[in-house]
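Listed here are the chains, written in short residue letters.
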2 protein chains.
Amino acid sequence: MAVYTEIGDDELRDFTALYEIGEVLSCKGIAEGVENSNFLLTTERGNFILTLYEKRVAPQDLPFFIGLMDHLAHQGVACPTPVRARDGEALRELCGRPAAIVTFLNGMWPRRIDPAHCAGLGGALARLHLAGASFPMVRPNNLSVAGWQRLFHSCAERAGELQKGLADELADELAFLAAAWPRELPTGVIHADLFPDNVFFRDHELSGLIDFYFACTDFLAYDIAICLNAWCFEPDLSFNVTKARLLVREYRAVRQLSTSELAALPLLARGSALRFLLTRLYDWLNQTAGALVRPKDPTEYLRKLRFHRGITGPAAYGIDG
Amino acid sequence: MAVYTEIGDDELRDFTALYEIGEVLSCKGIAEGVENSNFLLTTERGNFILTLYEKRVAPQDLPFFIGLMDHLAHQGVACPTPVRARDGEALRELCGRPAAIVTFLNGMWPRRIDPAHCAGLGGALARLHLAGASFPMVRPNNLSVAGWQRLFHSCAERAGELQKGLADELADELAFLAAAWPRELPTGVIHADLFPDNVFFRDHELSGLIDFYFACTDFLAYDIAICLNAWCFEPDLSFNVTKARLLVREYRAVRQLSTSELAALPLLARGSALRFLLTRLYDWLNQTAGALVRPKDPTEYLRKLRFHRGITGPAAYGIDG
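Calculation notes
Residues numbered from 1 in each chain as written. Chains lettered and ligands numbered in written order. Predicted model: local features only at pLDDT ≥ 70, side-chain atom pairs only at ≥ 80, totals over all residues. Heavy atoms only, no water. Helix = DSSP H or I, 4+ residues; strand = E, 2+ residues; numbered from the N terminus. Rg over C-alpha atoms; globule rule 2.2 N^0.38 Å. Buried < 20%, exposed > 50% of the residue type's maximum accessible area, 1.4 Å probe, protein only. Contact = heavy atoms within 4.5 Å. Areas by Shrake-Rupley, 256 points an atom, 1.4 Å probe, with all protein chains shown as cover. Lys, Arg positive; Asp, Glu negative; His and termini not counted. Charge placed at Lys NZ, Arg CZ, Asp CG, Glu CD. Pairing = 2+ DSSP bridges. Axes fitted to C-alpha atoms, helices over the stretch in contact; angles between N-to-C directions. Phe/Tyr/Trp six-rings, centres within 6.5 Å; stacked < 30°, edge-to-face > 60°. Lys NZ or Arg CZ within 6 Å of the ring centre and 35° of its normal. Buried area = accessible area lost by both parts, 1.4 Å probe. Salt bridge = Lys/Arg side-chain N within 4 Å of Asp/Glu carboxyl O. Polar contact = N/O pair within 3.5 Å; in protein donor to acceptor, adjacent residues only side chain to side chain. Least-squares fit on C-alpha atoms with pLDDT ≥ 70 in both. Core = buried A, V, L, I, M, F, W, Y, C linked by side-chain atoms within 4.5 Å. Expected span 1.5 Å × (residues − 1). pLDDT = per-residue confidence, 0-100.

*Asks:* Now, about the overall build of chain A: what can you tell me, with residues and values included?
*Replies:* When helices and strands are counted, chain A shows nine helices and nine strands. Its C-alpha atoms give chain A a radius of gyration of 20 Å, within 12% of the compact-globule value 20 Å for 321 residues. Considering only C-alpha atoms, chain A reaches an extent of 60 × 45 × 35 Å along its principal axes. Of all 321 residues assigned to chain A, the portion counted as buried reaches 59%. In chain A, the share of contacts with a sequence separation of at least 24, taken over all contacts with a separation of at least 6, comes to 74%. On chain A, roughly 13300 Å² of surface is accessible, and the fraction owed to carbon and sulfur atoms is 51%. If the 32 positive side-chain charges of chain A are averaged to one point and the 39 negative ones to another, these points end up 4 Å apart.

*Asks:* Pulling in residues and values, what's your account of the sheet that holds strand β5 (residues 97-103) of chain A?
*Replies:* All names here are of chain A. Within the open sheet, the five strands sit side by side as β1-β2-β3-β5-β4. Their pairing is antiparallel. Both outer strands of the open sheet, β1 (24-29) and β4 (92-94), are each paired with one neighbouring strand and no more. Geometrically, the sheet is characterised by an average inter-axis angle of 35° between neighbouring strands, direction not taken into account. In the sheet, β4 pairs with β5 via three bridges, with the strands oriented antiparallel. Bridging across to β5, glutamate 93 finds its partner in proline 98. Against the sheet, helix α1 (residues 9-16) touches β1, β2 (37-43), β3 (46-52), β4 and β5, its axis set at about 165° to β4.

*Asks:* Report on unusual backbone geometry, specifying residues and quantitative values.
*Replies:* Residues and elements named next belong to chain A. Of note, histidine 204 is a non-glycine position whose phi angle comes to about 75°, a positive value. In this structure, histidine 204 sits in the loop between β7 (199-202) and β8 (205-209). Histidine 204 sits in the partly exposed class, given a relative accessible area of 34%.

*Asks:* Pulling in residues and values, what's your account of the packing of aromatic side chains?
*Replies:* What the rule picks out here adds up to 30 aromatic pairs over all chains. Between phenylalanine 233 of chain A and phenylalanine 307 of chain A, the aromatic rings sit 5.4 Å apart at their centres with planes inclined by 80°, giving edge-to-face as the arrangement. Of the two residues, phenylalanine 233 of chain A is situated in the loop between α6 (220-231) and α7 (241-252) and phenylalanine 307 of chain A in helix α9 (residues 298-309); the sequence distance between them amounts to 74 residues. Residue classification places phenylalanine 233 of chain A among the buried residues on the basis of a relative accessible area of 9%. Classification of phenylalanine 307 of chain A by relative accessible area gives partly exposed; the value is 27%. Here the aromatic cluster, defined as three or more aromatic residues joined through ring pairs, consists of Tyr53, Phe64, Phe65, Phe135 and Tyr213 of chain A. Between the NZ or CZ atom of arginine 275 of chain B and the centre of the ring of phenylalanine 276 of chain B, over which it lies, the distance is 3.9 Å.

*Asks:* Which residues make up the interface of chain B and chain A, and what values go with them?
*Replies:* The partner chain A presents 37 residues to the 37 residues of chain B that form the contact. With both chains or domains summed, chain B and chain A bury close to 3200 Å², and 51% of this area falls on carbon and sulfur atoms. At the junction of chain B with chain A, the criterion picks out six salt bridges. Residue glutamate 23 of chain B is joined to arginine 202 of chain A by a salt bridge in which the shortest nitrogen-to-oxygen separation is 2.7 Å. The interface formed by chain B and chain A includes 17 residue pairs in polar contact (both at pLDDT 80 or more).

*Asks:* Account for the relation of the copies chain B and chain A, naming residues and giving values.
*Replies:* In this structure, two copies of a chain are linked by a rotation about an axis accompanied by a shift along it. With an axial shift of 0.0 Å and an RMSD of 0.0 Å, the rotation relating chain B to chain A amounts to 180°. The relationship between the two copies is best expressed as a two-fold rotation axis.

*Asks:* Can you lay out the environment of aspartate 10 of chain A for me, pointing to particular residues and giving the numbers?
*Replies:* Structurally, aspartate 10 of chain A can be placed in helix α1. Expressed as a C-alpha distance, the spacing of aspartate 10 of chain A and phenylalanine 200 of chain A, which sit 190 residues apart in the sequence, is 33 Å.

*Asks:* So what's going on with the nonpolar core? Which residues, and what values?
*Replies:* Membership of the largest hydrophobic core comes to 185 residues, with the highest contact counts inside it found for Trp231 of chain A together with Trp231 of chain B. Not counting residues up to four positions away in its chain, the partners in contact with tryptophan 231 of chain B are Pro110, Ile113, His117, Cys118, Leu121, Leu194, Phe195, Pro196, Val199, Phe201, Lys243 and Leu247 of chain B.

*Asks:* So what about the sheet that holds strand β4 (residues 92-94) of chain B? Which residues, and what values?
*Replies:* All names here are of chain B. Taken together, five strands build an open sheet; the order of strands is β1-β2-β3-β5-β4 and the sheet is antiparallel. With one partner strand each, in any of the chains shown, β1 (24-29) and β4 form the two edges of the open sheet. Going across the sheet, the axis of each strand differs from the next one's by a mean of 35°, ignoring polarity. Each of β1, β2 (37-43), β3 (46-52), β4 and β5 (97-103) touches helix α1 (residues 9-16); the most contacted strand, β4, lies at about 160° to it.

*Asks:* Can you tell me about the pattern of salt bridges, naming the residues and giving the values?
*Replies:* Under the definition given, this model contains 42 salt bridges over all chains. Residues glutamate 6 of chain B and arginine 111 of chain A are paired through a salt bridge, measuring 2.9 Å at the closest nitrogen-oxygen approach. Pair noted here: glutamate 6 of chain B is in the segment before α1 and arginine 111 of chain A is in the loop between β5 and α3 (115-132), and the two residues belong to different chains. Accessibility expressed as a relative area gives 48% for glutamate 6 of chain B, which makes it partly exposed. Look at arginine 111 of chain A and you get partly exposed, because its relative accessible area is 29%. In this structure, glutamate 234 of chain A engages lysine 243 of chain A in a salt bridge whose closest nitrogen and oxygen atoms are separated by 2.8 Å. For glutamate 234 of chain A, a relative accessible area of 23% translates into the label partly exposed. A residue is classified by how much of its surface remains accessible, and lysine 243 of chain A, at 4% relative accessible area, is buried. Bridged by salt links that share partners, the residues Glu169, Glu173, Arg270, Arg306 and Arg309 of chain A form one connected network.

*Asks:* Explain the environment of valine 138 of chain A to me, and be specific about the residues and the numbers.
*Replies:* Residues and elements named next belong to chain A. Following the sequence through the fold, valine 138 ends up in the loop between α3 and α4 (145-155). Overall, the relative accessible area of 62% leaves valine 138 in the exposed class. With near-sequence residues (within four places) excluded, valine 138 lies in contact with Phe64 and Thr217.

*Asks:* Lay out helix α6 (residues 220-231) of chain B in plain terms, naming residues and giving numbers.
*Replies:* In this model α6 of chain B runs 17 Å from its N-terminal to its C-terminal C-alpha over 12 residues, within 8% of the 16 Å that 1.5 Å per residue would give. Within α6 of chain B, burial applies to Leu220, Ala221, Tyr222, Asp223, Ile224, Ala225, Ile226, Cys227, Leu228, Asn229, Ala230 and Trp231 of chain B.

*Asks:* Can you lay out the side chain of aspartate 70 of chain B for me, pointing to particular residues and giving the numbers?
*Replies:* Looking at the element boundaries, aspartate 70 of chain B is found in helix α2 (residues 62-74). Setting aside residues up to four positions removed in sequence, aspartate 70 of chain B forms contacts with Thr81, Pro82 and Arg84 of chain B.

*Asks:* Run through the confidence of the model for chain A, naming residues and quoting values.
*Replies:* Here chain A averages 94 in pLDDT, and 97% of its residues register 70 or above. Our summary of model confidence lists the complex with pTM equal to 0.90 and ipTM equal to 0.86.

*Asks:* How would you sum up the environment of tyrosine 213 of chain A? Please name residues and give values.
*Replies:* Residues and elements named next belong to chain A. Mapping tyrosine 213 onto the fold places it in the loop between β8 and β9 (216-219). For tyrosine 213, a relative accessible area of 11% puts it in the buried group. Ignoring sequence-local partners within four residues, the contact set of tyrosine 213 consists of Asn36, Tyr53, Phe65 and Met69. Side-chain polar atoms of tyrosine 213 contact the side chain of tyrosine 53, separated by 2.7 Å.

The following block contains the structure:
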């Protein structure tokens, strides 16, 4: 949860006057999105989300994110649509930060995941990948192998504070993944952060995807691997093969997976587990006193990583060959 | 800002099914209200606020607060109206906590106070006091003299951590106020926490008052004193007599102030400053590691208290006799 920036009265009035969204009736900071300040804006025309991009989002990446949401929404993907001001611009500045207004999506993210959620997710993810194919912009994934190495080096010395011997284990894992990481798999726009809090449902029907601020260009199957990690483990970290099977089955009903994509899933899942382990470890080691956000537990992803190390093929996830 | 409780999917569905508010389209934790968990609930019928009462609100006080909002709203005061479920009850339980849904108020609280806000506040405060006169319930103010003494005793030993000599200064102030505190002034329902973030405006027109969870039965003029402290000091803590004059003038245009109420204002303002100084000092000394709420600065109210000590009569606030 995070609201970092307080918007002044005059600033908000001047900013919203640039749009054709009617009078602002209410503007409340909402406890969603760890990276940015988000406000639920109620106007005469309905609800909108106003986002101020805080320092963790690189300003040069914003045209990619905004352009992608615009593209996907026009391709029929249920995602926030950037609202353009009268001058046609959707990306502006407010309180000295980049800012945008996007449409409000109905639905709630599931607190308790059941298999039906995973089925809905699989289909939506595949449709996202198909819709992204015609998006012309490219953004390399700065949280892939090279990025993990950078993160690891900034954490290695203190990794033992989390768990004894962790630095050695991570170094070995990184060396393995750097050597084994796939070079040729179908590539395109991926969401790269499709955790349950970024997926809205209305009574088990998926109603929208949000938070495209890690989206990038990478292996499409890597997005599936991220979802396997984020959706298919139970709270006790046992792996639910029914969820994984439904997720992948509904994905494949929309977009075919090649034999090499299927075969790569255990490796991609290891990489994805390492990615979230490293960013959480970094945040855990670099907590600032008085921060309003509690860091997430890195050991959750360490345990997931170890699980995937024991997997030899997609069948062990419950996925048909 | 605070959202303490996460509401489960099934719990929210079962809870909202008890009301005639239509399908829930969205439920987002909002960064308002330090004491409770607040959610902006969007349903087919519009926006509502769902509040879960956390441990700082005593459950036995809730019928007073809910009853008061209901009473005031029916008297025409712009404040949240408790929404009754089909069984007629407005106060229920959710996630093991007392919970209520109230109507959504349009408007925003002012980040930068100007004199027109204070004028609007004065009139609204007087109308609140008049409307409260017919409310039958009574709730003693547990944050008046006896409450200050209890708070002081729990903080005295460590008060010096904030400022050297503070314990002695507070002990003297408490002794003075205990002896001098008025015994006979017009009494009724007061809001008791009417800070700017509890007062909504639409383009300088006051549109509503929220957060009645400190409301109680006390001297009506004490509410004015709280507002003088909360609204009439500039960010540099200089006192703006124009704001105070407008606030009191517009109050008196709705409800007469007696000579004894006017004469008591400096004393009531000292008491009010001490009240917020003590609660902030308590919170500052008892911060919990990992808490999501940054404690407010107690020294702000220490400086306000010292200012009021030098005031001999209401004229020094810019208030006409």
